[in-house]
Every structure is written in structure tokens, then in C-alpha cells.
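These are the residues of each chain, in order.
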Amino acid sequence: MGYDYDVAVVGGGPGGYVAAIRASRLGARTALIEERDLGGTCLNRGCIPTKVFAHAASIIGEFESVKDFGIDAEPRLDVERLRKKKTNVISRLRNGVSYLMKAHGINVINGRAVFADKNTIEVQGTRCTADKFIIATGSKTFMPPIPGVDLPGVITSDKALEMEKIPSKLVIIGAGIIGLEFACIYSAMGSKVAIVEMLPELLPMLDGDISGIMKRSLARKNIELYLDSRVNKIEGGTQGLNVVFSAGGKVLEEECEQVLVAAGRTANINGIEALGLNMDKKGIIVDSFMKTSENNIYAAGDVTGGIQLAHAASYQGAVAAVNAMGEKKQADMKSVPSCIYTEPEVAWVGMNERQARDKYKDVKVGTYSYSASGRAMTTGDDTGLIKVIAEPKFNQIVGMEIIGRCATEIIHEGALSIKNEFTLEEIVETIHAHPTFSESIKDACESILD
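Residues numbered from 1 in each chain as written. Predicted model: local features only at pLDDT ≥ 70, side-chain atom pairs only at ≥ 80, totals over all residues. Heavy atoms only, no water.

Points about the overall build of the chain
Phase 1 of the analysis: Along the chain, the regular secondary structure elements total 14 helices and 22 strands.
Phase 2 of the analysis: At 23 Å, the chain has a C-alpha radius of gyration in line with the 22 Å of a compact globule built from 450 residues.
Phase 3 of the analysis: Over its C-alpha atoms, taken along the principal directions, the chain stretches across nearly 70 × 60 × 45 Å.
Phase 4 of the analysis: Here the chain holds 450 residues, and the buried ones make up 51% of them.
Phase 5 of the analysis: Expressed as a percentage of contacts within the chain between residues at least 6 apart in sequence, the contacts between residues at least 24 apart total 63%.
Phase 6 of the analysis: Each charge class in the chain can be summarised by its mean position, and for the 50 positive and 57 negative side chains these summaries are 4 Å apart. (Helix = DSSP H or I, 4+ residues; strand = E, 2+ residues; numbered from the N terminus. Rg over C-alpha atoms; globule rule 2.2 N^0.38 Å. Buried < 20%, exposed > 50% of the residue type's maximum accessible area, 1.4 Å probe, protein only. Contact = heavy atoms within 4.5 Å. Lys, Arg positive; Asp, Glu negative; His and termini not counted. Charge placed at Lys NZ, Arg CZ, Asp CG, Glu CD.)

A look at the pattern of salt bridges
Phase 1 of the analysis: Summed over the entire model, instances satisfying the criterion amount to 24 salt bridges.
Phase 2 of the analysis: Across the salt bridge formed by Arg29 and Asp6, the nearest N and O atoms sit 3.1 Å from each other. Note that Arg29 is positioned in the loop between helix H1 (14-25) and strand E2 (30-34) and Asp6 in strand E1 (residues 5-10), a separation of 23 residues in sequence.
Phase 3 of the analysis: The class of Arg29 is partly exposed, set by a relative accessible area of 41%.
Phase 4 of the analysis: Close ionic contact of Lys165 with Glu257 constitutes a salt bridge, the shortest N to O distance being 2.5 Å. (Salt bridge = Lys/Arg side-chain N within 4 Å of Asp/Glu carboxyl O.)

Some details on the pairing of strand E13 (residues 240-247)
Phase 1 of the analysis: Burial within E13 is extensive, with 6 of its 8 residues counted as buried.
Phase 2 of the analysis: Bridge analysis of strand E12 (residues 229-237) against E13 gives 8 bridges, and the strand direction is antiparallel. By the bridge assignment, Ser229 is partnered in E13 with Ala247.
Phase 3 of the analysis: The hairpin turn running from E12 into E13, its antiparallel successor, is 2 residues long.
Phase 4 of the analysis: Direction of pairing for E13 relative to strand E14 (residues 250-256): antiparallel, over a ladder of 7 bridges. If you follow Leu241 over to E14, its bridge partner there is Cys256.
Phase 5 of the analysis: Here E13 folds back onto E14 in antiparallel fashion, the turn holding 2 residues, of which Gly248 has a positive phi close to 60 degrees. (Pairing = 2+ DSSP bridges.)

A word on helix H9 (residues 353-360)
Phase 1 of the analysis: The opening residue of H9 is Asn352, an N-cap whose side-chain oxygen sits 3.1 Å from the backbone nitrogen of Arg354.
Phase 2 of the analysis: With its phi angle positive at about 70 degrees, Lys361 sits one or two positions after the end of H9. (Polar contact = N/O pair within 3.5 Å; in protein donor to acceptor, adjacent residues only side chain to side chain.)

Focus: the environment of Glu353
Phase 1 of the analysis: For Glu353, the location among the structural elements is in helix H9.
Phase 2 of the analysis: For Glu353, a relative accessible area of 19% puts it in the buried group.
Phase 3 of the analysis: Distance in space between the C-alpha atoms of Glu353 and Leu206 is 8.4 Å, their sequence separation being 147 residues.
Phase 4 of the analysis: Beyond its immediate stretch of four places on either side in the chain, Glu353 contacts Asp207, Val365, Lys387, Ile389 and Glu401.

Some thoughts on the nonpolar core
Phase 1 of the analysis: The biggest cluster of nonpolar side chains holds 40 residues, and the ones touching the most others in it are Ile172 and Ile185.
Phase 2 of the analysis: Every element with two or more residues in this core is listed here: helix H3 (47-62), helix H4 (79-103), strand E9 (169-173), helix H6 (177-188), strand E10 (192-196), helix H7 (208-220) and strand E19 (346-350).
Phase 3 of the analysis: Excluding residues within four positions of it along the chain, Ile172 makes contact with Gly179, Phe182, Ala183, Val193, Ala194, Ile195, Val196, Leu260 and Ala262. (Core = buried A, V, L, I, M, F, W, Y, C linked by side-chain atoms within 4.5 Å.)

Digging into the side chain of Asn395
Phase 1 of the analysis: Residue position: Asn395 is located in the loop between strand E21 (385-390) and strand E22 (397-403).
Phase 2 of the analysis: A polar atom in the side chain of Asn395 sits 2.7 Å from the side chain of Lys364.
Phase 3 of the analysis: Leaving out residues up to four positions away in the same chain, Asn395 has contacts with Lys364, Ala390, Phe422, Thr423, Leu424, Glu425 and Leu449.

A word on the state of the cysteines
Phase 1 of the analysis: One pass over the full model with this rule turns up 1 disulfide.
Phase 2 of the analysis: Disulfide pairing places Cys42 opposite Cys47 at an S-S distance of 2.5 Å. Here the disulfide of Cys42 and Cys47 is left-handed, its torsion about the S-S bond being about -130 degrees.
Phase 3 of the analysis: Under the relative-accessibility criterion, Cys42 is labelled buried at 16%.
Phase 4 of the analysis: Looking at Cys184, it has no disulfide partner, and the nearest cysteine sulfur is the one in Cys339, 15 Å off.
Phase 5 of the analysis: Taking the relative accessible area as the measure of exposure, Cys184 reaches 5% and is therefore buried.
Phase 6 of the analysis: Of all cysteine sulfurs, the one in Cys339 lies closest to Cys406, which takes part in no disulfide; the gap is 12 Å. (Disulfide = S-S within 2.5 Å.)

Regarding the packing of H3 against H6
Phase 1 of the analysis: Where H3 contacts H6, the two axes come as close as 9 Å, and the packing angle between them is 45 degrees. Compared by their axis directions, H3 and H6 come out oblique. Along this stretch, H3 crosses H6, giving a crossing that reads as left-handed. Each of Thr50, Lys51, Phe53, Ala54, Ala57 and Ile60 in H3 lies in contact with H6, whose residues at this interface are Glu181, Phe182, Cys184, Ile185 and Ala188.
Phase 2 of the analysis: Split into classes, the residues belonging to the contact of H3 with H6 amount to 8 nonpolar, 1 polar and 2 charged. (Axes fitted to C-alpha atoms, helices over the stretch in contact; angles between N-to-C directions. Parallel < 35°, antiparallel > 145°, perpendicular 65-115°, else oblique. Left-handed = near helix turned anticlockwise from the far one by under 90°. Nonpolar A, V, L, I, M, F, W, Y, C, P; charged D, E, K, R; others polar.)

What follows is the structure in C-alpha cells.
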């Protein structure tokens, strides 16, 4: 049977457009269907615009220490010019993705895709058929069922990125990656910030010595943090809104100008109902080849309910594409680094110490403080810690956690180590440049080997 396309990709985010490019390079007649803008949430309403604001917040933070370097200066934020900078960055990157689609002969179809059957979708009333489909529709903001969540002034990350003005007081519901990044951004730009988090621990995926540094950093920024707290309702208040929540057996209130709901994201599965795919509460179930329960349909990225990271989606999209074209490639997700672009930055890969002890019992752990790093001292910011975790038999590195300046850049030495099963000795015997932040990874490994 002849189809319009060999491979059709639904969703134009980092999982989808990478899948489309890979399929096209392998010789497929390829289509990419995107309901909104090329680049998806990451480029337009997530990773990229957030990092523009995070960098601006970081620059503002630098002014606190410039006097130590003999510089007298005070920051003045022009919100409108910052918004233009964000828009320009997004536009350039989106145009780059559009160019890649044209360069690879990929037909981009704008509109919402609805599956009619396993080989057919409808887009804006037009039918499109394909031999293989890759679903990469991403995720959407989860709005918890809190009374008052629909009041004016209650916003999601999409609205927070518009940054029409800096609120005098902002309450953030959720202390995950999104919540913490916006807390640091808005705090640096002049808002008084409070975070209400349901979990009893901050960043429970990390060990306490790392998350403890983040907790102390938030306190230094005068960001209030309420852990083990549940929001009861949002109502009108004298400043605009009033957040009522339970914490430690007490009912507390925080008045504010705006409330940012950052309670996580959920798989965007609209339009696939006719397929009857196997799913769980997180999203579409896939195997290690990124194949769904339907033999010709693959899925990648947030919609699968796994690691909600753009780079993970891109990797999975590429795996899905090569398998759709007849190869047999398994996705290896054990070395995916995670990053939080706060001040200080946080990054981790592999197992934390608790997970490693559960698996190996007697693990080897080494740490190195930024306060002992010559490079950190030269920047005037020596807050941070590098933690390396190794299994006991071969000294193979199984986990790494970093908090501090440039953590999101140097974590890749950890990802490379876990991917290639490097040992502590192999890192120590590799010459690292001095002075650098990354040489502290070597120092942390040396601390284990004495």
C-alpha cells in the first residue's frame, strides 16, 4: 500500500524535529506535524526563554560581589528590553529549526493531529497517511485541583515568561526544577518570593549534602521555603491574592501579588485516543526501542512519561527514528544528566548515594568543596560541592552530583564516565587544566583514592 510518507512525526519539539531529521537522513519521505511553533515547549516556552531570564538574574547577582574586584556599579533592570532579548533568541533558534526542516526536505504541516487509525491522521480536516509514526507531543502544565487556581493573578510558567512586570510578592506552588528556577529569577529581579512545597524534602532526587546547600542559598536570598506543606486554597487578598496552606499542623497564609503554579507537567496525549495504545498514568508505554504497543508507532520524550528533559527527548527521538527505518537500536538512559539553572546551579547524573547503597551496599563516596577551588575563588563565588559515587569492586563511577557555578557545564564528565564505565583511576590519571571548575571532579575522585 502506498502512503503519503514513510515516517510522520507528530510534535515539533526537540524530540520530534530531531526524529524527523534522522528519519530524513536515512532516506525516509518525512513529515512533521506541529500544532503551535517549531521547537516545541523547550524552545518557545521552556528551556530557552527561562535561561535568558536566568542569565539576566545571574548578571544581577554578580553585582553583589563586584566591589570586591574594585568595581563600583549598580544594576538597573529594563524589563521590556529583557523581553525583547528573549523574543530575539527564540526567533533565531526557531528560524534555525525551520531551516533544518527545509534543508532535509521535511514537509512541515501546521495544525493539531488526530489519529484516525494506525496509519492515518487528520490535520485541520486534511488526511495524511504514513507507514510509521513517531509521537513526540511532549507535555503540558499540570494544574492541581486547588480552589481559586483560576483566579486572576494565578499564572503558569508560560505567563511567568511573559514577564510583563515584576510582582512585589510572588508565591510559587512547587519546589521542583521549574519552581526553583523561577524563584531565583524573580528574587534577583526584585520580587519577594515564597515557595510552598508538598514534599518533606527539597530536591529529594539529590543527597542531603547537595540539597542542603541549595536550602541555605535560598535562605540567603530571603526566599521563604515551606516544605511538607499543602495548599488549601487561593483567595483574594489585600495585595491581590492570599495563599492558604497547611504546614506542621498549622494553617498559614501568604499574601502576594501573583501566584505561580509550578506543580509539574503531564503527558500531552490529546489526539491519540483512536490508537488504543498501552498507557499508564504517566504516559505512553514504550519498550527500549521506543516502540509502543502498536507495531508501526513509536513515541519519544515527555509523552512517554519518563525523564522530562529536552536532551532526553532528542536522544529518544533519534532512537525512534532509526528503529522506524528498520534498525534495532536500544535506548540507554542510564547516563542522562539533569540540570537546574538556579543560583547556584545544580546538576546530577546516575545514582545518588542512597540509590547506590541500596544496590551495592558498601559504596565509595568522594567530595570536593568549591571553597577549596582556586577557580571558584577567582570568581568570588566559592559556594558549591562536587560529589562522586563509585561502586566498591572496580571503582567504577556510578553517580555524580554537583552544586555550584558551572555545574551544568561540567556534569558531562560524569555522564561520559557512567556511559563508558570509567573508573576513579581513569579520571585521576586524566590531566585536567588548572585552574578550572572541572578539575575539582578529579580532586573528588582523588579524595576517594587517598
